[in-house]
Amino acid sequence: MSGRRPLVAGNWKMNGTRENLAEIEALKAGLGDSSCDVAICPPATLITEAVARTGGSQLMIGGQDCHAEANGAHTGDLAAEMIADAGGALVIVGHSERRADHGESDALVRAKAEAGWRAGLLVILCIGETEAEYRAGETLAVIDRQLAGSVPNGATPGNLVIAYEPVWAIGTGLTPSNDDIQASHAHIRQRLVARFGQGGVAIRVLYGGSVKPANAGEILPLPDVDGALVGGASLKAADFLAIVAAA
Ligand code: 13P
């Protein structure tokens, strides 16, 4: 990880009601003095209460998406400023489920990342190829296209984290080989350095897609992997803590 402080972030997606806040409390209790950054992005309805229950701990709470605008006539949407107002410290943008389910383009993801910065949030920006693109050998080309189109100018290690999540690895139990994960991360790192210089060296690049306690010990030590974005295994504190321990 070359001096970069690891980040392990949980994305609860559309899972969780108030009773699941007990998992966040168990997570807070189990973290102790972990030497990595840890975050949970619950559904928006739980952000305020999750923040209230994690106050004073190192566990950060965040949103899963935001609108590009700060306010206005956008029924059902959430502004980055609202996530910050609820006590959130970060926001995920460009998740492949948003890109696929809501047709989000690279340009829109870029605008959302800028909205996150405007609100003072750390932005976790997701990229990754589909199964068809993977089979066609287009992984690195997709990474290049999404980085160029989605990442705004002005990225720094303090405001941006990239999450590389191959779409075919999400929720499937499949993962790329360790060599392929390292190669993709090294490629992302090279692109970040080319664009942002020294800052690019320190911007964290997380791996996401079927990260579990059973494989975290192999994936997280890879040289250009700076942590994980975890879906299913973040819903249970015990599983998530095991992944944090591997980081
Ligand atoms: P899973 O860990 O459930 O595969 O989900 C990964 C993901 O999409 C995190 O954003």
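Look up: the structure comes first, before these words.
Report follows, based on the coordinates. (Residues numbered from 1 in each chain as written. Predicted model: local features only at pLDDT ≥ 70, side-chain atom pairs only at ≥ 80, totals over all residues. Heavy atoms only, no water.)

### Structural notes on the overall build of the chain
Okay, step 1: Scanning the chain from terminus to terminus reveals eleven helices and eight strands.
Okay, step 2: With respect to the principal axes defined by its C-alpha atoms, the chain has extents near 45 × 45 × 35 Å.
Okay, step 3: The proportion of buried residues among the 247 residues of the chain is 50%.
Okay, step 4: A separation of at least 24 residues holds for 73% of the contacts in the chain among residues at least 6 apart in sequence.
Okay, step 5: On the chain, roughly 10200 Å² of surface is accessible, and the fraction owed to carbon and sulfur atoms is 52%.
Okay, step 6: Where the 19 positive side-chain charges of the chain centre and where its 28 negative ones centre are 3 Å apart. (Helix = DSSP H or I, 4+ residues; strand = E, 2+ residues; numbered from the N terminus. Buried < 20%, exposed > 50% of the residue type's maximum accessible area, 1.4 Å probe, protein only. Contact = heavy atoms within 4.5 Å. Areas by Shrake-Rupley, 256 points an atom, 1.4 Å probe, with all protein chains shown as cover. Lys, Arg positive; Asp, Glu negative; His and termini not counted. Charge placed at Lys NZ, Arg CZ, Asp CG, Glu CD.)

### Description of the sheet that holds strand 8 (residues 227–230)
Okay, step 1: Read around the closed barrel, eight strands run 1-2-3-4-5-6-7-8, paired in parallel fashion. The mean inter-strand angle of the sheet, taken between neighbouring strand axes irrespective of direction, is 25°.
Okay, step 2: By the bridge criterion, four bridges tie strand 1 (residues 7–11) to strand 8 in an arrangement that is parallel. Its bridge partner being in strand 8, V8 is matched across the sheet by A228.
Okay, step 3: Packing of helix 7 (residues 139–150) onto the sheet brings it into contact with strand 5 (122–127) and strand 6 (160–164), and relative to strand 5 it is tilted by some 145°.
Okay, step 4: This element, helix 11 (residues 237–246), spans strand 1, strand 2 (37–41) and strand 8 of the sheet and lies at about 160° to strand 1. (Pairing = 2+ DSSP bridges. Axes fitted to C-alpha atoms, helices over the stretch in contact; angles between N-to-C directions.)

### Regarding the site of the ligand
Okay, step 1: Near the ligand lie 13 residues; those nearest to it are K13, H95, G171, S210 and G232.
Okay, step 2: Here N11 contributes a side-chain N or O atom positioned 3.1 Å from an oxygen atom of the ligand.
Okay, step 3: Take S210: an N or O atom from its main chain is 2.8 Å from an oxygen atom of the ligand.
Okay, step 4: For the ligand, the protein covers 96% of the area, taking 310 Å² as the surface of the free molecule.
Okay, step 5: Its residues assigned to classes, the shell around the ligand shows four nonpolar, seven polar and two charged. (Near = heavy atom within 4 Å. Polar contact = N/O pair within 3.5 Å; in protein donor to acceptor, adjacent residues only side chain to side chain. Nonpolar A, V, L, I, M, F, W, Y, C, P; charged D, E, K, R; others polar.)

### Some points on the side chain of R189
Okay, step 1: Relative to the helices and strands, R189 resides in helix 8 (residues 178–196).
Okay, step 2: With relative accessibility at 8%, the residue R189 sits in the buried group.
Okay, step 3: Separated by 3.0 Å, the side chain of R189 and the backbone oxygen of G200 make a polar contact.
Okay, step 4: Polar side-chain contacts of R189 include one of 2.7 Å to the backbone oxygen of I203.
Okay, step 5: If we skip the residues at most four places from it in the chain, R189 touches R4, G200, V201, A202, I203, V205, D224 and D226.

By themselves, these figures tell us nothing about what the structure is for.
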